[in-house]
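# A closer look at the structure
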Amino acid sequence: MKKDVYILSGFLGSGKTTLLKGLLESLKAEGTKPAVLMNELGSVSIDSDQVDEDTALREMLDGCICCTLSDKLESQLQDLLIKEDFGVLVIETTGAAHPVEVVDSILSPLFADRFHFKGILTVVDGLQWKERGSFSPSVLHLMREQIRHASFLVANKVDLLTEMEQGTFAYDLQQLNPGASIYLTSHSKVPVGAITSMTKKDHYEGGQGHTLTLQAIVHTFEAEVSGEDFEQWVHAHQESIYRMKGYIPLQGRKYPTLFQYSYGMPLYMPGDMNYPTNFVVIGEGMDRERIISSLKSLEG
Ligand SMILES: Nc1nc2c(ncn2[C@@H]2O[C@H](COP(=O)(O)OP(=O)(O)OP(=O)(O)O)[C@@H](O)[C@H]2O)c(=O)[nH]1
């Protein structure tokens, strides 16, 4: 059975670890075995003490999961799958991470049959939000991105806001991400059922084309495809697709070819094994059925 994966995002100090602790307790109380992958920017882990010993934990220290550690993330995920018994995986990103880059690894063709990506939970600190004018434009941009891509928003630290400020806070978040569920909380207290039932709001599978909504589509090639046809397909779709990756069974090659595409750059790497021929595309405003049928039509 596929394991559910949640990505925990939110700016530094917003209340992610506080949310994680509560979430782990609630999952265990309802009989689900969680595992945690924790990323911290520093070389020493601080938050891992918050996870009890009977929860499988992997840590990625001294760098950000979304850039320098992205290869390591894949190996940590493999390791968890091989060695640990769990039903749900929670990945806590650093406050500086762009969550979409992490989604990218989860949606790796390697894990298409193993993980079910449930969505991004973003914790927002109400006080930080109120005083966001004091942050640099790049930090502000990151905060907005973390909010925009969430399936579920935890509007935290409302104990530090007046009622009027709480209303403005919720309104601002709704404006930035109208598709997300929003919970006003203090100490990140969210009922676990609200989180586990957020699948239907999951933007990453079968999204309905909201302009700010990212979708991921997975296609498994059932037959070989011509390299030339595939190249043309990529060219024709680069407007709406940000990221593509997967193992393509190209004609004339013994093993599927690893294909990577990001920011307009395609890259082909000859394969050396019979990897599953899963192909993942991530973009906005894509027509899922057309994408799948056009990929199928490449199979000769
Ligand atoms: N007043 C108040 N404090 C809170 C609330 N939620 C969390 N805190 C405190 O805020 C601090 C940061 O909380 P964490 O849960 O560690 O935040 P984080 O997002 O994991 O922090 P980083 O890992 O550094 O990014 C801690 O001291 C918490 O006790 C809240 O709702 N109200």
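Residues numbered from 1 in each chain as written. Predicted model: local features only at pLDDT ≥ 70, side-chain atom pairs only at ≥ 80, totals over all residues. Heavy atoms only, no water.

Around the ligand, the surrounding shell holds 16 residues, and the nearest of these are Lys16, Thr17, Thr18, Asp159 and His187. Within the contact set of the ligand, an oxygen atom lies 3.0 Å away from a backbone nitrogen or oxygen of Gly13. Separating an oxygen atom of the ligand from a side-chain N or O atom of Lys157 is a distance of 3.2 Å. For the ligand, the accessible surface in isolation is 650 Å², of which the surrounding protein chains cover 67%. Here the shell around the ligand gets three residues from one element, more than from any other, and that element is helix H1 (residues 16–29). (Near = heavy atom within 4 Å. Polar contact = N/O pair within 3.5 Å; in protein donor to acceptor, adjacent residues only side chain to side chain. Areas by Shrake-Rupley, 256 points an atom, 1.4 Å probe, with all protein chains shown as cover. Helix = DSSP H or I, 4+ residues; strand = E, 2+ residues; numbered from the N terminus.)

Of note in the backbone geometry, Lys157 takes a positive phi value of approximately 65° without being a glycine. With respect to the helices, strands and loops of the structure, Lys157 is situated in the loop between strand E6 (152–156) and helix H6 (163–176). Owing to a relative accessible area of 23%, Lys157 belongs among the partly exposed residues under this scheme. (Buried < 20%, exposed > 50% of the residue type's maximum accessible area, 1.4 Å probe, protein only.)

Here we come to the domain arrangement of the protein chain. What the domain assignment lists for the protein chain is domain 1 (3–201) and domain 2 (214–296). Counting residues at the interface gives 11 residues for domain 1, matched by 12 residues for domain 2. In terms of surface lost to domain 2, no three residues of domain 1 exceed Asp104, Leu107 and Pro109, which account for 56% of the buried area on that side. There are zero salt bridges connecting domain 1 and domain 2. Across the domain 1-domain 2 interface, the total number found is one residue pair in polar contact (both at pLDDT 80 or more). Its residues placed into classes, the side of domain 1 that touches domain 2 shows five nonpolar, three polar and three charged. (Domains from an automatic or database assignment. Contact = heavy atoms within 4.5 Å. Buried area = accessible area lost by both parts, 1.4 Å probe. Salt bridge = Lys/Arg side-chain N within 4 Å of Asp/Glu carboxyl O. Nonpolar A, V, L, I, M, F, W, Y, C, P; charged D, E, K, R; others polar.)

All right, on to the environment of Val123 then. Topologically, Val123 is positioned in strand E5 (residues 115–125). Considered as a pair, Val123 and Leu8 are 115 residues apart in the sequence and their alpha carbons are 7.7 Å apart.

Turning to the pattern of salt bridges, a few remarks are in order. Counted by the stated rule, this structure contains 10 salt bridges. As a salt-bridge pair, Asp54 and Lys28 come within 3.3 Å of each other at their nearest N and O atoms. Residue Asp54 is located in the loop between strand E2 (34–39) and strand E3 (56–60), and its partner Lys28 is located in helix H1; the two are separated by 26 residues in the primary sequence. On the basis of relative accessibility, which here comes to 27%, the residue Lys28 falls in the partly exposed class.

All right, on to the pairing of E3 then. Of the two faces of E3, the one holding Ala56, Arg58 and Met60 is buried and the one holding Leu57 and Glu59 is not buried anywhere. In terms of strand pairing, E2 meets E3 through five bridges, oriented parallel. Bridge assignment links Asn39 to a residue of E3, and that residue is Met60. (Pairing = 2+ DSSP bridges.)

With that settled, the discussion passes to helix H9 (residues 288–296). Those residues of H9 that sit buried are Ile291, Ile292, Ser294 and Leu295. Seen from one end, H9 has its buried residues packed into an arc of 165°, which puts them on one side. Facing away from the buried side of H9 by over 90 degrees, the exposed positions are Glu289 and Arg290. Capping the start of H9, Asp287 holds a side-chain oxygen 3.2 Å from the backbone nitrogen of Glu289, two or three residues further along. (Arc of directions from axis to C-beta.)

Attention now moves to the environment of His237. Mapped onto the elements, His237 comes out in helix H8 (residues 227–237). His237 sits 84 residues away from Leu153 along the chain, and the two C-alpha atoms are 31 Å apart. Dropping the residues within four chain positions of it, His237 is found in contact with Ile291 and Ser294. A polar atom in the side chain of His237 sits 2.8 Å from the backbone oxygen of Trp233.

Here H1 spans 20 Å end to end across 14 residues, near enough to the 20 Å set by a 1.5 Å rise per residue. Buried residues of H1: Lys16, Thr17, Leu19, Leu20, Leu23, Leu24 and Leu27, and no others. One side of H1 carries all its buried residues, which in axial view fall inside an arc of 150°. Looking at H1, the residues exposed on the side facing more than 90 degrees away from the buried face are Glu25 and Ala29. For H1, the elements touching its buried residues are strand E1 (3–10), E2, strand E4 (88–92), E5, E6 and helix H7 (192–196). Gly31 lies just past H1 and shows a positive phi near 85°. (Expected span 1.5 Å × (residues − 1).)

Burial of nonpolar side chains together is a common tendency in soluble globular proteins. Within the largest apolar cluster, 36 residues are counted, with the highest numbers of intra-cluster contacts made by Leu37, Leu77, Leu89, Ile91, Phe115 and Phe169. Split by domain, the residues of this core number at least three in each of domain 1 (3–201) and domain 2 (214–296). Leu23, Leu24, Val36 and Phe152 belong to the second largest nonpolar core, which has 21 residues in total. (Core = buried A, V, L, I, M, F, W, Y, C linked by side-chain atoms within 4.5 Å.)

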